[in-house]
Amino acid sequence: MTRILLRDLEPGRKYYVQARANNGDQTSQWSQLWEVETTSDLMPPAVPTGLTWVVEGTAFKAVWTGPTTNQDGTPLFDFRDFQVKIWSDANPAAVITYYTTSARFDLPFELNVNAFGTPRPQVNFEVRARDNTGNISAAATATATNPPPANVAGLSVTGISDAIALRWNANADEDLKHYEVYQGTALGVTPNLVYTGPGTSFVFDTISASPVYFAVRAVDVFGTPSAVDATESATARSTNPS
């Protein structure tokens, strides 16, 4: 008896098969027509394992291990791809879906901006395996958050002629965007944004004879400020003493 194995047929589909013999010199007539129907594949792949989702610089990166079996433990012969979804708690309704055959996914800063409009420092990740029938596995999930920049250190505030000079140490964060300086009239009450920029010094002009209070923070490319402002106060030296 001769057996023939037909591969890569679609599940749940009817096929018609004929056969004939060929000895290299002569070919027989076609056989009768056989009707065969493949069974429907309702078994999804197993869940991807070993998922890691981490922040590297301004990018998010995921790696995982794809399944080799179905959900019931039988061998997975018809793997197709992975379904990846990303979203942020800032807007949970905005879920972005990708498909990839690779067991890794990179979300560089530019793709973060393109996906969400505003770059998200916190991103949730979900991956599922999909087979050729369209059965999809349960999800492996993770979340990662880009940390805020380091607090500004080394702040010095000095009164000079009709002004106050501020200086602070440069922040070492790779994703630093700028510094912000706020001014007010009391400690903890500094509502006035008086400087935004990459520099580490600033001169605030004033003729006030009262102390002026300042708060300085670092802000990264995601718009996240440092956790604690650096604060100091000083009084300008008048050039026209009464």
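Residues numbered from 1 in each chain as written. Predicted model: local features only at pLDDT ≥ 70, side-chain atom pairs only at ≥ 80, totals over all residues. Heavy atoms only, no water.

### Looking at the environment of glycine 66
So, step 1. Along the chain, glycine 66 turns up in the loop between β4 (59-65) and β5 (79-88).
So, step 2. Distance from glycine 66 to serine 226, taken between C-alpha atoms, is 38 Å for residues 160 residues apart in sequence. (Helix = DSSP H or I, 4+ residues; strand = E, 2+ residues; numbered from the N terminus.)

### Brief notes about the pattern of salt bridges
So, step 1. Under the criterion given, the structure shown has six salt bridges.
So, step 2. The closest approach of N and O atoms between glutamate 35 and lysine 14, which form a salt bridge, is 3.5 Å. Of this pair, glutamate 35 sits in strand β2 (residues 34-37) while lysine 14 sits in strand β1 (residues 14-17), and the two are 21 residues apart along the sequence.
So, step 3. Owing to a relative accessible area of 40%, lysine 14 belongs among the partly exposed residues under this scheme. (Salt bridge = Lys/Arg side-chain N within 4 Å of Asp/Glu carboxyl O. Buried < 20%, exposed > 50% of the residue type's maximum accessible area, 1.4 Å probe, protein only.)

### A closer look at the packing of aromatic side chains
So, step 1. One pass over the structure, following the stated rule, counts 12 aromatic pairs.
So, step 2. Each ring, one from tryptophan 64 and one from phenylalanine 82, has its centre 5.4 Å from the other, and the planes form 85 degrees; the classification is edge-to-face. Placement of the pair is tryptophan 64 in strand β4 and phenylalanine 82 in strand β5, with a sequence separation of 18 residues.
So, step 3. By relative accessible area, which is 5% here, tryptophan 64 ends up buried.
So, step 4. Grouped by ring-pair contacts, the aromatic residues Trp53, Phe60, Trp64, Phe79, Phe82, Tyr98, Phe105 and Phe125 constitute a single cluster. (Phe/Tyr/Trp six-rings, centres within 6.5 Å; stacked < 30°, edge-to-face > 60°.)

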